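So you can see what is in the structure, the chains are spelled out below.
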Amino acid sequence: MAVEADVVAYLDAALVALIAGTNLYEGPMPEFPDTCVAVAHYASQRSDDYVMGASLTAPGYEVEFFQVMTRDADKATARTQANAIHALLDNFAGTMNARAYFHVRSDGTPTDLGQDQTLRWRYVANYEAQKVRG
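Residues numbered from 1 in each chain as written. Predicted model: local features only at pLDDT ≥ 70, side-chain atom pairs only at ≥ 80, totals over all residues. Heavy atoms only, no water.

## Details of the environment of Trp121
Here is step 1 of the chain: Along the chain, the position of Trp121 falls in strand S7 (residues 121-131).
Here is step 2 of the chain: Residues Trp121 and Val37, spaced 84 residues apart in sequence, show a C-alpha to C-alpha distance of 12 Å.
Here is step 3 of the chain: In this structure, Trp121 is in contact with Thr70, Arg71, Asp72, Ala73, Asp74, Lys75, Ala78, Asp112, Gly114 and Gln115, ignoring residues within four places of it in sequence. (Helix = DSSP H or I, 4+ residues; strand = E, 2+ residues; numbered from the N terminus. Contact = heavy atoms within 4.5 Å.)

## Some thoughts on the nonpolar core
Here is step 1 of the chain: With 21 residues, the main nonpolar core has Leu11, Phe66 and Leu89 as its most contacted residues.
Here is step 2 of the chain: The residues touching Leu11, leaving out its near neighbours within four places in the chain, are Leu18, Leu24, Val39, Ile85 and Leu88. (Core = buried A, V, L, I, M, F, W, Y, C linked by side-chain atoms within 4.5 Å. Buried < 20%, exposed > 50% of the residue type's maximum accessible area, 1.4 Å probe, protein only.)

## What about the environment of Thr118?
Here is step 1 of the chain: One can find Thr118 in the loop between strand S6 (111-115) and S7.
Here is step 2 of the chain: Given a relative accessible area of 44%, Thr118 falls into the partly exposed group.
Here is step 3 of the chain: Considered as a pair, Thr118 and Asp34 are 84 residues apart in the sequence and their alpha carbons are 9.1 Å apart.
Here is step 4 of the chain: Among the polar contacts listed, one links the side chain of Thr118 to the side chain of Arg120, at a separation of 2.8 Å. (Polar contact = N/O pair within 3.5 Å; in protein donor to acceptor, adjacent residues only side chain to side chain.)

What follows is the structure, given as structure tokens:
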């Protein structure tokens, strides 16, 4: 999905510690590496806001929902990474990956999911994005 690629490109450019394909991924969280961030699109919603009326044009924007998950063996590192990403994304308006985003807002601060089966800490936050079509 475009929203995954856009957010990954944005985070890759904005945070020195994240490198797309190395520790920053599109889609569900991979099993390895231990320290990583994943951006996954999980839903879309119909937009009723038409540019010049429903009979004339397509909606002026799309609504996409995505989740950002951080993971690290150290709880403080996973939390710090999640909070840094949240500070960049929550209430964002601008351009990501050459696509206009009118508004990105979170459902709340990153949530601690606890440790996975290999004792790595995970934090997650969900976001709603209003962006141009495509």
